[in-house]
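So you can see what is in the structure, the chains are spelled out below.
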Amino acid sequence: MSEISYFLNNLDEKGKEMHNLMKDLYPICRSITGNGVRETLKIIKKVIPLEIREIPTGTKVFDWTIPKEWNIKDAYIKNSKGEKIVDFKESNVHVLNYSVPVHKKMSLKSLKNNLYTLPDYPDWIPYLTSYYQENWGFCMTHKQFEGLEEDVYEVVIDSSLENGHLTYGETYIEGSDENEVLFSSYICHPSLCNDNLSGPVLLTYLAKQLAESDLNYSYRFLFIPEAIGAITWLNLNEQKTFRIKSGLVATCVGDPGSLTYKKTREGNSMIDKVVEKVLMDSDEPYEIIDFFPDGSDERQYCSPGFNLPVGSLMRTIYGKFPEYHTSADNLDFVKPEYLANTLEKYIKVIYILEKNKKFLNLNPKCEPQLGRRGLYEMIGSQKKEDLTISALFWVLNLSDGSNSLLDISIRSGLRFNQIKNAADSLVSKNLLEMVKE
Amino acid sequence: MSEISYFLNNLDEKGKEMHNLMKDLYPICRSITGNGVRETLKIIKKVIPLEIREIPTGTKVFDWTIPKEWNIKDAYIKNSKGEKIVDFKESNVHVLNYSVPVHKKMSLKSLKNNLYTLPDYPDWIPYLTSYYQENWGFCMTHKQFEGLEEDVYEVVIDSSLENGHLTYGETYIEGSDENEVLFSSYICHPSLCNDNLSGPVLLTYLAKQLAESDLNYSYRFLFIPEAIGAITWLNLNEQKTFRIKSGLVATCVGDPGSLTYKKTREGNSMIDKVVEKVLMDSDEPYEIIDFFPDGSDERQYCSPGFNLPVGSLMRTIYGKFPEYHTSADNLDFVKPEYLANTLEKYIKVIYILEKNKKFLNLNPKCEPQLGRRGLYEMIGSQKKEDLTISALFWVLNLSDGSNSLLDISIRSGLRFNQIKNAADSLVSKNLLEMVKE
Amino acid sequence: MSEISYFLNNLDEKGKEMHNLMKDLYPICRSITGNGVRETLKIIKKVIPLEIREIPTGTKVFDWTIPKEWNIKDAYIKNSKGEKIVDFKESNVHVLNYSVPVHKKMSLKSLKNNLYTLPDYPDWIPYLTSYYQENWGFCMTHKQFEGLEEDVYEVVIDSSLENGHLTYGETYIEGSDENEVLFSSYICHPSLCNDNLSGPVLLTYLAKQLAESDLNYSYRFLFIPEAIGAITWLNLNEQKTFRIKSGLVATCVGDPGSLTYKKTREGNSMIDKVVEKVLMDSDEPYEIIDFFPDGSDERQYCSPGFNLPVGSLMRTIYGKFPEYHTSADNLDFVKPEYLANTLEKYIKVIYILEKNKKFLNLNPKCEPQLGRRGLYEMIGSQKKEDLTISALFWVLNLSDGSNSLLDISIRSGLRFNQIKNAADSLVSKNLLEMVKE
């Protein structure tokens, strides 16, 4: 991996590109299966190479079975005047996701059994699903719901639930090492931005950058339906998972809130230490929370039979922002600058993973004489934060073969980058040597 | 052990029963030996089966020797008008416990050498003893002491200190496992309620309930004189102590204060974790303090040659309530509701000890599909706190053979009962299996 | 080592003696080599035996080379009227330490390139050095600097930089054990008191006291030039360093601030625990800071190739008092009472190191009967703090062969001295036995 400054270049521009990709993906009605997923992956594939897999309905994946494929053409509720009072074409969250086909006339009273609203947020439409229990329904604002009059309503959901496939996309970027870093996002929500178009668009542009780099680790990016997709991928790739040495689930990465890191199940994995250090170095507010077995796809990666070192680096965690799973989680809620800020953190995480080596002080008895090797001049010629005498001393003192650069940066309280620069300078003066592992 | 609800039934009633037993025991003049102890044990034996042991005076028990047996019929101080100004029959704490027999006439000045009062609490009589140094004395209120006039006083202590026995009681409730839980209380204080009639009455009713149950552990209840009794029991049972896997000293369990747990010497024994969890789950204030080698019979159980995992679960710790070792520690100070509240905690401790098993997730790779097994309906059919989806996830996620239900409840922050219910539900659906140990 | 009271006797007097020795040393112009060091060691040698070593210029010591020896006779700046406006004879910090010889006339503008001041402290002269880069210069108050007029100045530095020696002093006090405690101070600063005449004068009087004692450990005291001296000593004594089990660098030990302890590189060495306990027992404010690889000679002792358990017990740490490395770090800034207070702490550290044994409770099953052995009387006959029942219980309870007296004092929260007294009393009653190691 080349210098981090290259990766952190043009973050503003990248924020806009991510947001533009999100705009393209926003209108599509996605679900855990169906053409919405295929369209989504096709658009992402314009930006990065993507292998798209189709797993047939009925395939057993651990305790689960790939469900029937759901597709939808149209849906609406018409009043007796023939006016569409709820229209899927206006917003795809109007339909209870995975609704079975319906076409009937109903009284208001009867209809109400299949209507869903958010009384606490009367202007927002809730997003709801019924994947594993056949059902149908409409979601609408509570304000509209309260204005509904006695009438005979025509209800149409022109959907299909048939044998088909579960579709997902995958990108693998080969590094010099077979050990992998996993980035996982889900592509099963319809027009909802923070949860979770923000995840796939961030990973798309992260993968794009990595694909252009020389890397130590190999990197795998998943664009899968949540839960059943992760279960499917783990089932199909069970023999390969031992290579995953670190991983992050990317969800809720574009809202205005500060960063949140949910730790891995073990809580002391390399990725935990790396993300903590990135957040600590950021001088921005952040929160670190312990693993809990509810949430997104870390539920599957961290199930006891896998126990993979996968955490989740988010902004505001799912469920904790009011817009969560409502029509208000839209293109205005997620902003380019927040996407860019999160991307920066993901890049810094990768940078530490790539650069976190152990070194050996080649002059371990007493300090080496830095002056006669021109190291004081090196410090003078750089910006103050980039190379400091303190960082040189820390690297020399702790490079006894047991401490990595990350360990040294944590113990010293200095930024990883300062420690890395100090190590580079000392290597250039033959005072330090990388430990082969 | 059957359901905890059964044990926690009628706690109010049990509080009253314990307090009534205390009323029966209150008037008896107890000491570390003598007929007071025998009468006490006889009354307890009406409630639970009790083996009563008599150890002869002069028996060597480790560094100690069973002392002469002390008995007392009467004691008083008469003034020259023949009025009993201090009368043992009014309160047995008037007599310095273990006083040798005395019958003489004395000036006030001379008498004062053998009078004990509490200047800071002028209405209370102090409780004092002189077991291992022959002495005699009277305890009285400071108020009365200050009103004493110059006179010739007749002093009578009609006691005896002769070869006899040390008496104690023991109940053993056999479980399916030879490993034991020890509950120890002392029965050597005269008319004093919190310290310590509260201990034996609580253990009496705890033993009564356990005797009716199927148990995994075996349970041993001791009703012994403090210090010399614990030393004697340990001496006689040295070869059996290895079976004691957990233990509690019950003292000061009936006052209005909140609960206090004094840890075992090791500080990280099973009983320490269990009691901490019971207190944490209680939503009541509590305090946990580290072991210190002073105190009650944990001094002996936790001496380095035994180092048994014995803590002490109290309300206000000895010495920290002003009524401690005074006539004010009476039947009004200890109330049925406080006894009942402490009993509840002891029952919950036993419940966790009995039920704290390890389980294995039988579907460890990714989550099992709870919906098709009706687990969501199970949740719906119960009260919200009793079974939650979160508890199911925690049990599934951590049941990898290394975590017990207690471990899972501690890590999740959920109540033990919720974790236990979740495990039961999952076992009923063949998703979980108990680990045989 | 006899009783600590003997050592702590007359601390006031010792404070004055240390300050008087400092007064004798103050006027000498020291540097890392030269006659100033020799004179300094000669004066110290009047108080304690001292082996003085001379290491020739050009000797290789690890990555370094013993530099040329620097000596100076005089230095001044004269204005055109012939007035000495800066005079080395008034203060030896006026000269940039290790200045090469100079004799020339210069304009003010040109002269200013070689003048150093402290704009923030306009009345103080800074102390500066240029050991490894040939240079010359004068240090002066900023106030004087600002008053300098256009003129032609005559600049004289009558110094020499020639092949010679590096000089240092060493005292070794043999104990019954070959394992050593190292005390290191430096003697390379000219007229500067806290940093660092305070270090050598404190160690001088500490060594004086130890020389009169029977000791378990052996003690080594170093009086060396900073950095190059420690590097030299380590180079010459590399094979012996394994005997150093604890060590302290003594610097900044005479200022009005409270005590600061900088831990060893490992952070959990015996010396770390001992110093922490001494400070905790002191009832004075203090600060404990983690090791960092900058600072004084702990940089060398704690370099990874040695990693010796050497910390530094100071008052205000170098760089954190404004007088640091200025003419204001003078005989008024360091006071006898502060030197005495620090000496007391060093003595207490040594006392714990010497007395920190493990003991075995010879009556480990239940408590021994203290009464019949007269231990309660022993308590009564001593001052309350010196021997307490609580200390006896703690020592008996934890003396299972795994806990040292220091461990017991830390766990109990009692002072080391109380635990030590309790152990002595119990040994005298045959209840305790020292563990041979």
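Bear in mind the structure is a predicted one, so any value in this text is a computation, not a measurement. (Residues numbered from 1 in each chain as written. Chains lettered and ligands numbered in written order. Predicted model: local features only at pLDDT ≥ 70, side-chain atom pairs only at ≥ 80, totals over all residues. Heavy atoms only, no water.)

Draft legend 1. Quick look at the domain arrangement of chain A. All names here are of chain A. With domains assigned, chain A is organised as domain 1 (4–66 + 165–354), domain 2 (72–162) and domain 3 (358–434). For domain 1 versus domain 3, the distance between C-alpha centres works out to 34 Å. Taken together, the contact between domain 1 and domain 3 spans nine residues of the former and ten residues of the latter. In total, domain 1 and domain 3 occlude about 770 Å² of area from one another, counting both sides; carbon and sulfur atoms represent 59% of this. When residues of domain 1 are sorted by the area they lose upon contact with domain 3, Lys277, Asp281 and Tyr351 head the list and together hold 58% of the total. When the shortest N-O distance is used, the salt bridge between Arg415 and Asp283 registers 2.7 Å. (Domains from an automatic or database assignment. Contact = heavy atoms within 4.5 Å. Buried area = accessible area lost by both parts, 1.4 Å probe. Salt bridge = Lys/Arg side-chain N within 4 Å of Asp/Glu carboxyl O.)

Draft legend 2. The sheet that holds strand E17 (residues 358–361) of chain B, seen in detail. Residue and element names in this part refer to chain B. Across the sheet, which stays open at both edges, the three strands sit in the order E18-E17-E19 with antiparallel pairing between neighbours. At either end of the open sheet lies a strand with only one pairing partner, and these are strand E18 (400–404) and strand E19 (432–434). For this sheet, the mean angle separating the axes of adjacent strands, direction not counted, is 35 degrees. Pairing of E17 with E19 involves three bridges; the strand directions are antiparallel. The partner of Phe359 across the bridge, within E19, is Met434. (Pairing = 2+ DSSP bridges. Helix = DSSP H or I, 4+ residues; strand = E, 2+ residues; numbered from the N terminus. Axes fitted to C-alpha atoms, helices over the stretch in contact; angles between N-to-C directions.)

Draft legend 3. How the structure looks around helix H10 (residues 336–355) of chain A. Here H10(A) contains 20 residues, and its C-alpha end-to-end distance of 28 Å stays within 8% of the 28 Å for a straight helix at 1.5 Å per residue. Taking burial as the measure, the 20 residues of H10(A) include 16 buried ones, the bulk of the element. (Expected span 1.5 Å × (residues − 1). Buried < 20%, exposed > 50% of the residue type's maximum accessible area, 1.4 Å probe, protein only.)

Draft legend 4. How the structure looks around the relation of the copies chain B and chain C. When chain B is fitted onto chain C, the two copies agree to an RMSD of 0.1 Å after a turn of 120 degrees and an axial shift of 0.1 Å. Taken together, these values place the two copies in the relation of a three-fold axis. Ranked by how close their C-alpha atoms come to the rotation axis, the residues of chain B are headed by B:Asn268, at 13 Å. (Least-squares fit on C-alpha atoms with pLDDT ≥ 70 in both.)

Draft legend 5. Examining the packing of helix H2 (residues 11–25) of chain C against helix H6 (residues 193–211) of chain C more closely. All names here are of chain C. Close contact between H2 and H6 brings their axes to 9 Å; oriented N to C, the two are set at 125 degrees. Relative to H6, the element H2 is oriented oblique. Pair H2 / H6 crosses with right-handed handedness. Within the contact between the two elements, H2 uses Lys14, Glu17, Met18, Leu21, Met22 and Leu25 and H6 uses Cys193, Leu197, Ser198, Val201, Leu202, Thr204, Tyr205 and Gln209. Each residue belonging to the contact of H2 with H6 can be placed in one class, and the counts come to nine nonpolar, three polar and two charged. (Parallel < 35°, antiparallel > 145°, perpendicular 65-115°, else oblique. Left-handed = near helix turned anticlockwise from the far one by under 90°. Nonpolar A, V, L, I, M, F, W, Y, C, P; charged D, E, K, R; others polar.)

Draft legend 6. Examining the packing of aromatic side chains more closely. Counting across every chain of the model gives 39 aromatic pairs over all chains. Plain terms: the ring middles of A:Tyr98 and A:Tyr131 are 5.4 Å apart, the flat faces sit at 85 degrees to each other, and that makes the pair edge-to-face. Note that A:Tyr98 is positioned in the loop between strand E5 (84–87) and strand E6 (102–107) and A:Tyr131 in the loop between strand E7 (115–116) and strand E8 (138–139), a separation of 33 residues in sequence. These aromatic residues form a ring-pair network of at least three members: A:Trp64, A:Trp70, A:Tyr98, A:Tyr131 and A:Tyr132. The positively charged end of B:Lys262 is found above the aromatic ring belonging to B:Phe292, 3.6 Å away from the centroid. (Phe/Tyr/Trp six-rings, centres within 6.5 Å; stacked < 30°, edge-to-face > 60°. Lys NZ or Arg CZ within 6 Å of the ring centre and 35° of its normal.)

Draft legend 7. Looking closely at the interface of chain B and chain A. Opposite the 17 residues of chain B that make contact, chain A presents 19 residues. Summing both sides of the interface, chain B and chain A together bury roughly 1700 Å²; the carbon and sulfur share of this comes to 49%. For the pair chain B and chain A, the interface holds five salt bridges. When the shortest N-O distance is used, the salt bridge between B:Asp400 and A:Arg265 registers 3.0 Å. Summed over the shared surface of chain B and chain A, the result is 14 residue pairs in polar contact (both at pLDDT 80 or more). For the side of chain B that touches chain A, the element with the highest residue contribution is helix H12 (residues 389–398) of chain B, accounting for five residues. (Polar contact = N/O pair within 3.5 Å; in protein donor to acceptor, adjacent residues only side chain to side chain.)

Draft legend 8. Inspection of helix H7 (residues 228–236) of chain B at higher detail. For H7(B), the buried fraction is high: seven of the nine residues fall into the buried class. Considered for burial, the residues of H7(B) that qualify are B:Ile228, B:Gly229, B:Ala230, B:Ile231, B:Thr232, B:Trp233 and B:Leu234.

Draft legend 9. Structural detail: the pairing of strand E14 (residues 259–262) of chain B. Residue and element names in this part refer to chain B. Side chains Leu259 and Tyr261 project from E14 onto one buried face, and the interleaved Thr260 and Lys262 project onto a second face that is buried too. In the sheet, E14 pairs with strand E15 (residues 286–289) via four bridges, with the strands oriented parallel. Within E15, the position partnered with Lys262 by the bridge is Ile289. Assessed by its sense of winding, the connection that carries the chain from E14 through helix H8 (residues 270–281) to E15 is right-handed. As defined by bridge partners, E14 adjoins strand E16 (residues 310–314) across three bridges and the pair is classed as antiparallel. Counterpart to Lys262 in the pairing with E16 is Ser312. (Right-handed = clockwise from strand over helix to strand, strands pointing away.)

Draft legend 10. Local environment of the pattern of salt bridges. For the structure on display, the rule yields 75 salt bridges over all chains. A salt bridge links A:Glu170 to A:Arg53; the shortest N-O distance between them is 3.3 Å. With A:Glu170 in strand E10 (residues 165–173) and A:Arg53 in strand E1 (residues 51–56), this residue pair connects regions lying 117 residues apart in the sequence. Note that C:Arg265 is salt-bridged to C:Glu266, the shortest N-O span being 3.7 Å. With a relative accessible area of 47%, C:Glu266 lands in the partly exposed category. A single salt-bridge network, built from bridges that share partners, covers A:Glu51, A:Arg53, A:Glu170, A:Glu180 and A:Arg220.

Draft legend 11. The arrangement of the interface of chain B and chain C in detail. Taken together, the contact pairs 19 residues of chain B with 17 residues of chain C. Across the interface of chain B and chain C, roughly 1700 Å² is buried in total on both sides, 49% from carbon and sulfur atoms. Three residues, B:Asp63, B:Arg265 and B:Pro293, lead the burial of chain B against chain C; their summed loss comes to 37% of the area buried on that side. Put simply, chain B and chain C have five salt bridges between them. At the surface where chain B touches chain C, the tally comes to 14 residue pairs in polar contact (both at pLDDT 80 or more).

Draft legend 12. Quick peek at the packing of H6(C) against helix H10 (residues 336–355) of chain C. Residue and element names in this part refer to chain C. The geometry of H6 relative to H10 is characterised by a closest axis approach of 10 Å and an angle of 50 degrees between their N-to-C directions. As summarised for this structure, H6 and H10 are arranged oblique, according to the angle between their axes. The interaxial crossing formed by H6 with H10 has right-handed handedness. Along the contact surface, H6 presents Ser198, Val201, Leu202, Leu203, Leu206, Gln209 and Leu210, while H10 presents Leu339, Thr342, Leu343, Tyr346, Ile347 and Ile350.

Draft legend 13. Broad picture of unusual backbone geometry. Cis geometry marks the peptide bond from A:Asp195 to A:Asn196; its omega dihedral reads 20 degrees. When you line up the elements, A:Asn196 lands in helix H6 (residues 193–211). In this model, A:Tyr98 sits at a positive phi of 80 degrees, which is unusual for a non-glycine residue. Residue A:Tyr98 is classed as buried on the basis of its relative accessible area, which comes to 2%. Even without being a glycine, C:Cys366 presents a positive backbone phi close to 65 degrees. Tracing the backbone shows C:Cys366 in the loop between strand E17 (358–361) and helix H11 (375–380).

Draft legend 14. Here's a closer look at the side chain of C:Lys263. For C:Lys263, the location among the structural elements is in the loop between strand E14 (259–262) and helix H8 (270–281). In contact with C:Lys263, not counting residues within four places along its chain, are C:Asp272, C:Glu276, C:Ile288, C:Ile289, C:Asp290, C:Phe291 and C:Gly311.

Draft legend 15. Fine view of the side chain of B:Thr264. Residue and element names in this part refer to chain B. Locating Thr264 in the fold gives a position in the loop between E14 and H8. Of note is the side chain of Thr264, whose polar atom sits 3.0 Å from the backbone nitrogen of Gly267. Within polar-contact distance, the side chain of Thr264 engages the side chain of Asp272 at 2.7 Å. In this view, Thr264 contacts Ser269, Ile271, Asp272, Phe291, Pro309, Val310 and Gly311; residues no more than four positions away in its chain are not counted.

Draft legend 16. Representation of the confidence of the model for chain A in the model. Mean pLDDT over chain A: 96, with 99% of residues reaching 70 or higher. With pTM at 0.93, the complex prediction returns an ipTM value of 0.94. (pLDDT = per-residue confidence, 0-100.)

Draft legend 17. Looking closely at the sheet that holds strand E4 (residues 69–78) of chain C. Residue and element names in this part refer to chain C. Reading across from one edge, E5-E4-E9-E6 is the order of the four strands in this open sheet, with antiparallel pairing throughout. Either end of the sheet is taken by a strand with one partner, and the two such strands are strand E5 (84–87) and strand E6 (102–107). Each strand axis lies, on average, 20 degrees off the axis of its neighbour in the sheet, ignoring direction. Sheet analysis places E4 next to E5, joined by three bridges and oriented antiparallel. In the sheet register, Tyr76 faces E5, and the bridge partner there is Asp87.

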